[in-house]
Amino acid sequence: MVDFSPPRLLRASSAYEHHIQTNHGPVSVAVYGDHDKPALVTYPDIALNHMSCFQGLLFCPEAASLLLHNFCIYHISPPGHELGAAPISSNTPIPSVDDLADQVADVLDFFGLGSVMCFGVTAGAYILTLFASKYRERVLGLILVSPLCKGPSWTEWLYSKVTSNLLYYYGMCGLVKECLLQRYFSKEVRGFAELPESDIVQACKSLLDQRQSMNVWRFVQTMNERYDLTEQLKQLQCRTLIFVGENSQFHTEAVHMTSKLDRRYCALVEVQACGSLVTEEQPHAMLIPMEYFLMGYGLYRPSQLDCSPRSPLSPFCISPELLSPESMGVKLKPIKTRLRLEV
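For clarity, every value in this text was computed on a predicted model and none was experimentally measured.

Another aspect to go through is the UniProt feature "transmembrane region" (unreviewed entry) in the chain. As annotated by UniProt and renumbered to match this structure, "transmembrane region" (unreviewed entry) occupies residues 110-132. Between the C-alpha atoms that bound residues 110-132 there is a distance of 18 Å. The span itself is 52% helix and 26% strand.

Right, here's the structure in full:
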């Protein structure tokens, strides 16, 4: 693998962007933090990148202190989704979901990373779950938001085909943006006649306007050809924390995924009055569950830190007390937690 160019400092943050040639095509990775710390790898949903998918969470001071104090964050963008991306040539083959999962492994090799924590949203959660099933020794834990794990239903397949055709013929038009916003957000923040759309929706619309429509079309095509991971879920050995908005289109799939994972090491956090993109719509609801989840790896917020964040992650069994409904925040709206712990 060859780095296309020296790392570029992104103006919107202190992250450095690397353009990397992998065995499955070029990919952009924005790196934020101290390289000596354990690695947290993120992957966003369709038509998003780290600025539009994880910025809300990382703008929460408590979440930023928890994550950035303990991790160096590697934001992987789907091919052609990075800021300022050029259109991908029509002669370039559309990658499969396996290609994208293998691309994640190539990125880890490029940076010399061993085992990492993974943090994915919807389509990105599928890619990282597939990566975890193929490279089990390289994943210490999964934090998934409104994840996909099954093949598309006929309804979703048809819906995606309509979106694909609109992208192909009309680009990032108003109807495509409305379809994507319904995928990401609850009706309350999208607005209606009596209530204007929220600032996060307006910001998301602006960022969608910057996407290359054919690059988004390619990722939609890839995800519409995904396959069912249910059987692979049973083989996963890492701890998993799943968030899903109760109004998410993928709520049922998140519950299904939770039911198939090892019940000793999996927790489902349902966020009330929220769509799929919990990281942007209700980021504060993620803090307490993530804090307790990371305690299982000896990681704490700075005020509670009693071990070096530079030391490698060494997970131990999460005690049932740490994953009790009370600890996970079931009594703190807008969170409710569904747990499956072995009796």
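There is more to say after this.
So, on to the packing of helix α4 (residues 97-111) against helix α5 (residues 123-134). Angle between the axes and distance between the axes: these two values describe a pair of packed helices. The geometry of α4 relative to α5 is characterised by a closest axis approach of 9 Å and an angle of 70 degrees between their N-to-C directions. When the interaxial angle is binned, α4 and α5 end up roughly perpendicular. Residue-level inspection shows V97, D98, L100, A101, D102, V104, A105 and L108 of α4 in contact with α5, the latter providing Y126, I127, L128, L130, F131 and K134. Of the residues in the contact of α4 with α5, the class split is eleven nonpolar, no polar and three charged.

On to a nonpolar patch on the surface, then. A contiguous nonpolar patch, built from W154, W157, L158 and V162 and spanning about 480 Å² of accessible area, is present on the exposed surface. Position of L158 among the secondary structure elements: in helix α6 (residues 154-170).

What follows concerns empty space enclosed by the protein. Inspection of every chain in the model, using the stated rule, returns four cavities of 30 Å³ or more. Counted as a void, the largest cavity has a volume near 50 Å³. P79, H81, I88, P95, L100, N215, R218, F219 and T222 are the residues that line the largest cavity. Looking at the lining of the largest cavity, the element that brings in the most residues is helix α10 (residues 213-224), giving four residues. Class assignment for the residues of the lining of the largest cavity results in five nonpolar, three polar and one charged.

Cut-offs applied
- Residues numbered from 1 in each chain as written.
- Predicted model: local features only at pLDDT ≥ 70, side-chain atom pairs only at ≥ 80, totals over all residues.
- Heavy atoms only, no water.
- UniProt positions renumbered as here; feature names shortened; annotations may be inferred.
- Helix = DSSP H or I, 4+ residues; strand = E, 2+ residues; numbered from the N terminus.
- Axes fitted to C-alpha atoms, helices over the stretch in contact; angles between N-to-C directions.
- Parallel < 35°, antiparallel > 145°, perpendicular 65-115°, else oblique.
- Contact = heavy atoms within 4.5 Å.
- Nonpolar A, V, L, I, M, F, W, Y, C, P; charged D, E, K, R; others polar.
- Patch = residues over 30% accessible without salt bridge, like charges linked within 9 Å, V, L, I, M, F, W, Y side chains within 5 Å.
- Areas by Shrake-Rupley, 256 points an atom, 1.4 Å probe, with all protein chains shown as cover.
- Salt bridge = Lys/Arg side-chain N within 4 Å of Asp/Glu carboxyl O.
- 1 Å grid on protein atoms, 1.4 Å probe; cavity = no way out; pocket = protein on both sides within 12 Å on 5 of 7 lines; lining within 4 Å.
- Points joined across faces, edges and corners; volume = space filled by probe spheres on them.

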